[in-house]
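# Residue-level structure breakdown
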Amino acid sequence: MPKRTDIHSVMVIGSGPIVIGQAAEFDYSGTQACRVLREEGIRVILVNSNPATIMTDPQMADATYIEPITVPILERIIAKERPDALLPTLGGQTALNAAMALGEAGVLKKYNVELIGASLEAIDRGEDRELFKQVVEQAGAESARSSIAHSMQEVDQIVAELGYPLVVRPSFTMGGLGSGIAHDEEELHRIAGAGLHYSPTNEVLLEEGIEGWKEYELELMRDRNDNVVVVCPIENVDPVGVHTGDSITVAPCFTLTDREYQNLRNIGIAIIRGVGVDTGGCNIQFAVHPETGRVIVIEMNPRVSRSSALASKATGFPIAKIATKLALGYTLDEIQNDITRSTPASFEPTIDYVVTKVPRFAFEKFPGAEERLTTSMKSVGEAMALAGNFQESLGKAMRSIDKRHMGFSWDGPVPDEEEVAGLLEAMHVPTEHRYLQIQRAIWGGASAEQIFAATKIDPWFIAQFMLINETAMAVRKAKTLTYALLKRAKKAGLSDVQIAHLRGLGDEGENTIRELRWTYDLHPVFKTVDTCAAEFDAVTPYYYSCYADETELRTREREAVIILGSGPNRIGQGIEFDYTCVHAVQELGQDYDTIMVNCNPETVSTDYDMSDRLYFEPLTFEDVLEIYEAELQMGPVKGVIVQLGGQTPLSLAARLKAAGVPILGTTPESIDLAENRELFGDVLRREGLNAPRYGTALSLEEAQQAANAIGYPVLVRPSYVLGGRGMEIVYDDAQLRTYVARALEEAQADMVVSGRLPSPLLIDKFLSDAIEIDVDALFDGEELYIGGIMEHVEEAGVHSGDAACTLPPSTLSDDQIRRLREATLAIAKGCNVQGLINVQYAFMSNTLYVIEANPRASRTVPFASKATGTPLAKAAARIMVGETIAQQRERGLLLPHGDGGEVRNGQPVAVKESVLPFKRFRTPIGRTVDVLLGPEMRSTGEVMGFDRDFPHAFAKSQLAAYDGGLPTNGNVFISVNDADKRQLPMLAVRLVELGFTIWATAGTASVLRRYGIESKIVDKITSRIDSAEAKVQHVSGSVGKNVVQLIEDNQIDMVLNTPNSRGSRSDGYAIRAAAITADLPQFTTITEFQAVLLAIEAVKKNDYQIMSIQEHARELFALESE
Amino acid sequence: MSLNDSVTLTEQYYSAEDAVLVLEDGQIYVGRPYGAHGETFGEIVFATAMTGYQETLTDPSYDRQIVVQTFPHIGDTGVNTEDPESSKIWVSGYVVREPSPVVSNWRAQGSLDEELVRQGIVGISDIDTRKLVRHLRSAGVMRAGIFSGKALLSEAGTLVPPAALLARVGEQPPMAGANLSAEVSTQEHYVIEPTGDFAGKEPVATVAALDLGIKSMTPHRLAERGCRVVVMPMQSTFADIEAVGATGVFFSNGPGDPAAADDTVALLRQVLDARIPFFGICFGNQILGRALGFGTYKLKFGHRGVNQPVKDLTTGKVEVTAHNHGFAVDAPIGEPVLAPYQDGKYGRVRVSHIDLNDNVVEGLECLDIPAFSVQYHPEAAAGPHDASYLFDRFVDRMRQTATTQAQA
């Protein structure tokens, strides 16, 4: 059946900002969709609020709208662009929900837009619990016994019938948000209460507990001719009870016989048919009872998912690309398998290697959050590895996580009986540490049966862990490290560093081990991902390493550039760096063979047809060096690019260079100039630039001396992360004492010698009430090109990654911009930058301070590129291979004159707002963790609001970042600290004029009354983070309720709550936690609230301007040529 | 490493503790012994399924073949008494990358390693199986031998040199021209009564199933559709078939070269002449092809996996199917043609199924007589169940014929 001829234009909806459960994998799937559609000659209209995506690059679609994904805005775009069809299955749950909402609002019908990929009915059958249960039943399979509840009363009735443990799952939420397992009434009421709220249909499913069962997933695809294929089975090493996104998973299945696997396959096929996914993919999750084999269907996603990205990368079968073709009417047998180019896509991949995915967590960013892993996803990223067997792939995946102390280790004495008993007890609760606990317990002599009893992890995997331990012990005890033993260790997944530690050589021993290995000529070989276990010849150069005999690399003609990616997503290092890497690949691919190295399956960079060669490998020194050595044999290598993938590759630069690898762009020595505090201080002094005063301290005494010399407030942070404690703004000696005491406590006890820390605390002057600015620039050794100057909306002190910022800067004067330009030039020169540099500045009382400089691509590069219509990373890649800025101006990558630092009249304004994951993280008593922004970055993603002026752009950014955006009327709760009270009246007056009613605490209300502003008084509430008890104090004249009650009763529409600057900042915690749970817009700084008021006012006057970035680019170009 | 490379034949790169795999073309792989120790020979082929090693090992079509598993971990789920496809392991040798150290499955009754030892199957593990498969893909299937334990030692107790092992491989008969059905076929006929909903009821049809190497799932698939299945030795005559009151005839899969099975072809022609509904699988498809007058030929490296896309040319639908064949029928794809045998004695025939990977003929359908066959395995085991509709089709044919005859 050939392609449909009645579809000429298609609207694609992206997944919006990166959040937990919905990450860069949807940039990968959306980008594939856009590419396919354009190849098919279809006009593509793309909507996504996330600027840090490849899919929103101007050449990916005909009309790209970086706009909030809301029904009114989507309707305006549909009215303007009149697409024939809407493809909603590649933008995660966000796109699917948006399509459902458009359908329900009658928009699709009104503009005659056909939904392709999945019908509204199919989405409903897949996602609605009750309908889905019927489908499962008709497929001859079983669901867990369950019932739907729409109220707490119904919840209580159901539990009486089903008993505990009970699983709670809200309908229509992504990443399992709001789900959990309740073991008693208190837990049930908390989880079900939140679930009822998060579900857009206010319903939760309660079902029998199946914790500890084996968990499997199938990725299926179906075409309109009813052909179905299973792309890949995935087995979760963590049994049911841990969200699949938080589990270690493997592909394919290891512990099922063919009969059992075929049974799952048959059920899966019956379900995809029953749900009616006519063209596209879906993911189905199963639980299998480990002793009886009873199968329960857990759920399905009638769309491309995170697991499909994983399955695509694991097998080489591009699910998103094929789903798009199917939506256009092709059938599976009409689509070619890209990898073999001789066989069709209507087959099931078979693999001859093992794929392991390991999640990466960020609990250290959320003090107070419970670390227990549940059915609500909490990991922020993941790494995948392929190898010849399970042990090797697990070892590679674990080291890909790029987090110290997160791999197996046999350092220190063998765990004694007591420790083993403690570990066995601890591993009952799944946490990110569980696999390390298992390994230590095995080392200490725990049996496989004991591990199984505690974890319910399948004995097959436990046996593999025991084998790894056995090999480690052999390495530790052997008199000499023979060739055979070293090879065995590598096949067991042990890295050179791990082997060095086992041999008592420490970190430095890595070089010794490598030299020995090379003496034996023991190198990994590189195999091809070919979808077919070598049955057919593979054309696509997609490689993984393993220790075996034959390598499959092919020789090259062209000179190669190796680009190191950024590894697993984490807070502070995410999709932005994949964006910059992909740009380098696209640009340099014109003249070089581009070789991409990365281990993150959620990325565009690991799409096998982006680069000339793809190595799906860990980004460690050992692995990268082996790739370089192997490629050197295949043809000329110009060098390695380390400055586009964030801190991970940058930190490898010096060692790679020392090992003889040419580093392109800024040299490792120059990187050190910017990163080393002393050396950077010298650079600044030489250039006559100010930096905030700073000091270091190893003890309380030293800390107090330093702090007093610098002057409070100070910013204190450990020079490396101590047990997860981050930075803090410290206002006085008392707070400093608490901080240092905690740091001492958390540093390993044996490492603290008489009250001294093992490594120094860094203490900086904290700049109060300062304006913070980010500058991204390019430097070629001669010329400086400012990519963008971004002014933060919040004052300094909020991490630049969490702050909202605006481009062009909203308040800076020409003179200030000139000073920023001069300072950036001086620093770029002083640090010998060749490529990109990011500098963070602050203006305090109009004095310019340099906070820090990063000689690499920054998080803001994609935002600045989108806002100015200039591909900065592409230009940077060119500069890194030795070209000049002037050449890039000629090439058209950069503006012919001037740069992104100039403010042009009529230039539209872009505002970046960050998105925070607080909802996901709960304290042990079930509250959300605190939401205050501080010097530690905690956001997972960003959105961009683009409009004619700052207030509109800011309002749009809020609409894109938070469900519903800013209210235009209603009730505002205000509680501000003493320092902010002077600025309050002006704001309050405007609020009242705009039609808001003010609710306030007694103190704030008293101030307002003195200015003649009416407000309603609420009861005072105080509570502690670690206690469920909130103390309510009845206040005279109050409405008789406290604000938490009002928020829970939906009586409040917006919250302004600035915390006291001193003390633990926990006073407003109960309020902030309630607001987060209720999804209210809330603001914790006055400066941001000022922007909020302007925004509300602007939107009330004039509606948003909706413009595609292609239209914006034309306008910018027109301004440029004036 | 290859004996044909610069490595000299006298050089010792294995010890008596190793297992050695030697290919006919001189390639040699050194690994660890797996299963029984000793020596074994056969045609070396690779199988790409990720599940179902127990079914693979007990599939009679693998008689005299050394099977290489491309999936790296083998033996994870142990062995049980429910999944074998026949009463014994048929492969002559087994090549795997990583045998499982433990057994983990609720149905497991023993370990694969022990089962291989019990049945005397010589294997080798811990070699670069992907390298081997890539070699077989480009060089084609060939003879090979696995040597371990005493087989590596001469009478004097010294290691047998590679050249001598290679010579032993060269002495073995090739697969082309081999008629192996007699080796694998049952000696006595046996009956499988209807099962499931049909248990204890009057059979819907009686099928004479000629055992050319039949897998136990095949009669099971018919029995669960209400058929009484009489599994018969391959030497059975047409009179034997008539004697059991067959309303349909089935020819199974099996090992060997169809060109060497003239007696079986002759038997099928009698069935076709009698207009008894016929269904063939795998070897049975090749026999139908030859009975209709088409040729058969040996594929370079065969189809052995459970992920092959087969297109039903009648409906345009694609099914994912299990394959295990080294030979194929040479018939024209496209419009129906007159079956060449005796100037179209059997009327028109069309290629009903093709493999989309390489356009190999995967099914034949006679348009004027009640006979059809497929080259792949609708009974699966191991493999997907997408093609099980073919058993329904056969049962329908038998019913229709019975009705027509009753009316006539």
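Residues numbered from 1 in each chain as written. Chains lettered and ligands numbered in written order. Predicted model: local features only at pLDDT ≥ 70, side-chain atom pairs only at ≥ 80, totals over all residues.

The name given to chain B in an unreviewed UniProt entry is Carbamoyl phosphate synthase small chain, with the source organism recorded as Galliscardovia ingluviei. Turning to chain B, the UniProt record has this under Sequence similarities (unreviewed entry): "Belongs to the CarA family." Heading Subunit (unreviewed entry) of the UniProt record for chain B holds this comment: "Composed of two chains; the small (or glutamine) chain promotes the hydrolysis of glutamine to ammonia, which is used by the large (or ammonia) chain to synthesize carbamoyl phosphate. Tetramer of heterodimers (alpha,beta)4." (UniProt positions renumbered as here; feature names shortened; annotations may be inferred.)

Looking at an unreviewed UniProt entry, chain A carries the name Carbamoyl phosphate synthase large chain, with the source organism given as Galliscardovia ingluviei. In its Sequence similarities (unreviewed entry) section, the UniProt record describing chain A reads: "Belongs to the CarB family." What UniProt records for chain A under Subunit (unreviewed entry) is the sentence "Composed of two chains; the small (or glutamine) chain promotes the hydrolysis of glutamine to ammonia, which is used by the large (or ammonia) chain to synthesize carbamoyl phosphate. Tetramer of heterodimers (alpha,beta)4."

### A look at the UniProt feature "domain: Carbamoyl-phosphate synthase small subunit N-terminal" (unreviewed entry) in chain B
Summarizing the sequence annotation, UniProt attributes the feature "domain: Carbamoyl-phosphate synthase small subunit N-terminal" (unreviewed entry) to residues 17–147 of chain B in the numbering used throughout. Taken end to end, residues 17–147 of chain B comprises 18% helix and 34% strand; its first and last C-alpha atoms sit 11 Å apart. (Helix = DSSP H or I, 4+ residues; strand = E, 2+ residues; numbered from the N terminus.)

### Let's talk about the sheet that holds strand 5 (residues 114–115) of chain A
Residue and element names in this part refer to chain A. If you walk across this open sheet you meet the five strands as 3-2-1-4-5, and the pairing is parallel. In this open sheet, the two edge strands, each paired with only one partner strand, are strand 3 (63–65) and strand 5. In this structure, strand 1 (residues 9–13) lies alongside strand 2 (residues 43–47), joined through five bridges in parallel fashion. Looking across to strand 2, one finds that Val-10 is bridged to Val-44. In this fold helix 3 (residues 92–104) packs onto strand 1, strand 4 (85–87) and strand 5, with an angle of close to 120 degrees to the strand it touches most, strand 1. (Pairing = 2+ DSSP bridges. Contact = placed C-beta atoms within 7 Å. Axes fitted to C-alpha atoms, helices over the stretch in contact; angles between N-to-C directions.)

### Let's talk about the domain arrangement of chain B
Residue and element names in this part refer to chain B. Domain boundaries assigned for chain B yield domain 1 (19–170) and domain 2 (181–407). Relative to domain 2, the C-alpha centre of domain 1 lies at a distance of 30 Å. Listed by partner, the interface residues are 22 residues for domain 1 and 23 residues for domain 2. For the side of domain 1 that touches domain 2, the secondary-structure elements that each account for two or more residues are strand 3 (39–47), helix 1 (53–57) and helix 3 (129–139). (Domains from an automatic or database assignment.)

### Some words on the nonpolar core
All names here are of chain A. Of all hydrophobic cores here, the largest spans 463 residues; its most connected members are Leu-220, Ile-562, Ile-563 and Ile-641. Considering each element in turn, this core owes the most residues, nine residues, to helix 37 (residues 1086–1101). In terms of nonpolar packing, the next biggest core, distinct from the first, is built from 17 residues, Ala-182, Ile-191, Leu-205 and Leu-206 among them. (Core = buried A, V, L, I, M, F, W, Y, C linked by C-beta atoms within 7 Å. Buried ≥ 20, exposed ≤ 12 C-beta atoms within 10 Å, placed from the backbone.)

### Focus on the UniProt feature "binding site: Mn(2+) 4" (unreviewed entry) in chain A
Residues and elements named next belong to chain A. Taking the numbering used here, the UniProt-annotated feature "binding site: Mn(2+) 4" (unreviewed entry) corresponds to Glu-852 and Asn-854. Residue position: Glu-852 is located in strand 32 (residues 847–854). For Glu-852, a count of 16 C-beta atoms within 10 Å translates into the label partly exposed. Topologically, Asn-854 is positioned in strand 32. With residues up to four places along the chain from it excluded, the contact list for Asn-854 reads Ala-674, Ile-837 and Asn-838.

### Focus: the domain arrangement of chain A
Residues and elements named next belong to chain A. When the domains of chain A are assigned, the result is domain 1 (9–116), domain 2 (123–143 + 212–351), domain 3 (145–209), domain 4 (693–765), domain 5 (771–908) and domain 6 (918–1101). Mapped by element, the contributors of at least two residues to the side of domain 5 that touches domain 6 are strand 29 (784–795) and helix 29 (861–868). The dominant element in the side of domain 5 that touches domain 6, judged by the number of residues it contributes, is strand 29, at three residues. For the side of domain 5 that touches domain 6, the residue count by class is five nonpolar, five polar and four charged. (Nonpolar A, V, L, I, M, F, W, Y, C, P; charged D, E, K, R; others polar.)

### Notes on the UniProt feature "binding site: L-glutamine" (unreviewed entry) in chain B
Residues and elements named next belong to chain B. Taken from the UniProt record, the annotation "binding site: L-glutamine" (unreviewed entry) applies to Ser-61, Gly-254, Gly-256, Phe-283, Gln-286, Asn-324, Gly-326 and Phe-327. For the residues just named, distributed over 267 residues, the greatest C-alpha separation is only 13.3 Å, placing them together at one site. Considering the arrangement of structural elements, one finds Ser-61 in the loop between helix 1 and strand 4 (65–69). With sequence-adjacent residues up to four places away left out, Ser-61 is seen in contact with Gly-213, Asn-253, Gly-254, Pro-255, Cys-282 and Asn-324. Inspection of the secondary structure puts Gly-326 in strand 16 (residues 318–330). Filtering out sequence-adjacent residues up to four positions away, Gly-326 remains in contact with Val-45, Val-141, Lys-298, Leu-299 and Gly-302.

### Description of the sheet that holds strand 21 (residues 613–616) of chain A
Pairing between the strands of a sheet comes from backbone hydrogen bonds, and it takes one of two forms, parallel or antiparallel. Residue and element names in this part refer to chain A. If you walk across this open sheet you meet the seven strands as 17-18-21-20-19-22-23, and the pairing is mixed. Strand pairing shows two members of the sheet lacking a second neighbour, strand 17 (525–528) and strand 23 (663–664), which therefore form its edges. Bridge count between strand 20 (residues 593–598) and strand 21: four bridges; the pairing is parallel. Bridge pairing in strand 21 links Val-597 to Tyr-615. Contacting strand 17, strand 18 (542–546), strand 19 (560–564), strand 20, strand 21 and strand 22 (637–641), helix 21 (residues 621–634) runs over the sheet at an angle of about 170 degrees to strand 19.

### Notes on the interface of chain A and chain B
Taken together, the 47 residues of chain A in the interface contact 43 residues of chain B. Going through the elements one at a time, helix 9 (258–275) and helix 16 (459–477) of chain A are the ones with two or more residues in the side of chain A that touches chain B. Looking at which element gives the most residues to the side of chain A that touches chain B, the answer is helix 9 of chain A, with six residues.

### As for the UniProt feature "binding site: Mn(2+) 2" (unreviewed entry) in chain A
All names here are of chain A. Taken from the UniProt record, the annotation "binding site: Mn(2+) 2" (unreviewed entry) applies to Glu-299 and Asn-301. Among the structural elements, Glu-299 can be located in strand 14 (residues 295–301). As for its placement among the helices and strands, Asn-301 is situated in strand 14. In this structure Asn-301 comes out as buried when scored by C-beta crowding, with 25 C-beta atoms within 10 Å. Residue contacts for Asn-301: discarding those within four places in its chain leaves Gly-126, Cys-282 and Asn-283.

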